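Analysis of the macromolecular model
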Amino acid sequence: MSTIMTEISEIKLEDVEMRYQTETADVLALHQVSLDIAKGEFVSLLGPSGCGKTTLLRLMADLIEPTRGNITVAGKTAREARLAQKYGIVFQSPVLYDWRKVKDNITLPLELMGTKKSVREEKALELLELVGLQGFADKYPWQLSGGMQQRVAIARALSMEPEILLMDEPFSALDEFTRERLNEELLSVWSKVQNTIVFVTHSIPESIFLSDRVFVLSPHPGRLSSVVDIPLPRPRTAEMRNSPEFFELIARIRNSFEGV
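Let us look at the structure shown here. (Residues numbered from 1 in each chain as written. Predicted model: local features only at pLDDT ≥ 70, side-chain atom pairs only at ≥ 80, totals over all residues. Heavy atoms only, no water.)

**Brief notes about the overall build of the chain**
Of the regular secondary structure elements, the chain holds 9 helices and 10 strands. The C-alpha radius of gyration of the chain comes to 18 Å, within 12% of the 18 Å expected for a compact globule of 260 residues. Projected onto its principal axes, the C-alpha positions of the chain cover 50 × 45 × 40 Å. When burial is assessed residue by residue, the chain has 50% of its 260 residues classed as buried. Once local pairs closer than 6 in sequence are excluded, the contacts in the chain between residues at least 24 apart make up 70%. Total accessible area computed for the chain in this model is approximately 12,500 Å², and 51% of it derives from carbon and sulfur atoms. Put simply, the chain has 30 plus and 36 minus side-chain charges, and the middle of one group is 4 Å from the middle of the other. (Helix = DSSP H or I, 4+ residues; strand = E, 2+ residues; numbered from the N terminus. Rg over C-alpha atoms; globule rule 2.2 N^0.38 Å. Buried < 20%, exposed > 50% of the residue type's maximum accessible area, 1.4 Å probe, protein only. Contact = heavy atoms within 4.5 Å. Areas by Shrake-Rupley, 256 points an atom, 1.4 Å probe, with all protein chains shown as cover. Lys, Arg positive; Asp, Glu negative; His and termini not counted. Charge placed at Lys NZ, Arg CZ, Asp CG, Glu CD.)

**With respect to the sheet that holds strand S6 (residues 87-90)**
In space, the 6 strands of this open sheet follow the order S6-S7-S8-S3-S9-S10, with mixed pairing throughout. Lying at the two open borders of the sheet, with one neighbouring strand each, are S6 and strand S10 (223-229). Strand-to-strand twist across the sheet, computed as the mean angle between neighbouring axes with direction ignored, equals 15 degrees. Here 4 bridges tie strand S3 (residues 42-46) to strand S9 (residues 213-218), and the two strands are oriented parallel to one another. The partner of Leu 45 across the bridge, within S9, is Phe 215. (Pairing = 2+ DSSP bridges. Axes fitted to C-alpha atoms, helices over the stretch in contact; angles between N-to-C directions.)

**What about the side chain of Lys 123?**
Within the secondary structure, Lys 123 sits in helix H5 (residues 117-130). Under the relative-accessibility criterion, Lys 123 is labelled buried at 11%. For Lys 123, the contacting residues outside a window of four places in its chain are Leu 110, Ser 159 and Glu 161.

**Observations concerning the packing of aromatic side chains**
Evaluation of the coordinates by the stated rule reveals 5 aromatic pairs. When the centroid spacing of 5.0 Å and the interplanar angle of 55 degrees are considered together, the rings of Tyr 97 and Trp 99 count as tilted. Here Arg 241 stacks its cationic end above the ring of Phe 209, 3.9 Å away from the centre of that ring. (Phe/Tyr/Trp six-rings, centres within 6.5 Å; stacked < 30°, edge-to-face > 60°. Lys NZ or Arg CZ within 6 Å of the ring centre and 35° of its normal.)

**Topic: the sheet that holds strand S1 (residues 9-21)**
As summarised here, the arrangement of the 4 strands in space is S2-S1-S4-S5, forming an open sheet in which the pairing is antiparallel. Strand pairing shows two members of the sheet lacking a second neighbour, strand S2 (26-38) and strand S5 (76-77), which therefore form its edges. Pairing of S1 with strand S4 (residues 68-73), which is carried by 5 bridges, proceeds in the antiparallel orientation. Considered in S4, the bridge of Lys 12 is made with Thr 72.

**Quick word on the pattern of salt bridges**
One side chain can pair with another of opposite charge once the charged atoms of both are near each other. Taken as a whole and judged by the stated rule, the model has 20 salt bridges. Among the ionic pairs, Glu 65 bridges to Arg 79, the shortest N-O distance being 3.1 Å. Placement of the pair is Glu 65 in the loop between helix H1 (53-60) and S4 and Arg 79 in helix H2 (residues 78-83), with a sequence separation of 14 residues. Residues Glu 121 and Lys 103 are paired through a salt bridge, measuring 3.9 Å at the closest nitrogen-oxygen approach. Here Glu 121, found in helix H5, pairs with Lys 103, found in helix H3 (residues 102-106); they are 18 residues apart in sequence, far enough to count as distant. (Salt bridge = Lys/Arg side-chain N within 4 Å of Asp/Glu carboxyl O.)

**Quick notes on the nonpolar core**
Counting residues in hydrophobic clusters, the biggest one holds 45 residues, and the most contacted among them are Phe 42, Met 167, Leu 186, Ile 197, Phe 199, Ile 208 and Ile 253. By residue number, the principal contributor to this core is helix H6 (residues 146-158), which donates 7 residues. Those residues within four positions of Leu 186 in sequence are excluded, and the remaining contacts are Phe 42, Met 167, Phe 171, Ile 197, Phe 199 and Leu 210. Counting 28 residues, the second largest nonpolar core, distinct from the first, contains Met 18, Met 60, Ile 71 and Leu 217. (Core = buried A, V, L, I, M, F, W, Y, C linked by side-chain atoms within 4.5 Å.)

Structural data, given as structure tokens:
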């Protein structure tokens, strides 16, 4: 599936700036960031520590407000989009409740919304199948591997059928083998759900393998250095990681960082 051809804007940032006040200084975290993400597109925010990737994601999610600039999400302000439940969020840690079964972790947002139990359980089974965890509905998080726990977190984020999925380095704590496998599984889920995904990562190969486009951020202060189109065909395969085209994209992105 290639989504880059769509012209419908889903997320738009215009001259966004973010400053933090500390006890000793005024810190400029993001400087004049403008970007446009299309509906149904998979994009990555890539950069070293301190470049503002997570801050940018938090701004999109209306978890914090920008010092200046405009943000629109699905044609609404970030606040309106959040209240309209336009997106789900997956964090670095799965943030699951150990005392709740897997199915009950997945359906927690629906439970808080007052959805009937029968509907919640049916949705949990559907999502478990989607993320490849059939048969684990009655397990507890502590009985699962780290990779399986993150799949539960993804299923929970999808329980409200969000138009946009915001993912903050969800696989960074996993070993490389598990991480690459979950990259492939995430793309499989995305091909079925067809929502917009914004994915934060430190990994150049991961950003290339997953994305339609990569937004390269550089630090001091955080700013958008370049936007790199990823022309690799979909569906992506493990073999593509060893192709000349893949290595050319790695070099191109590596050379696009500024002030690192």
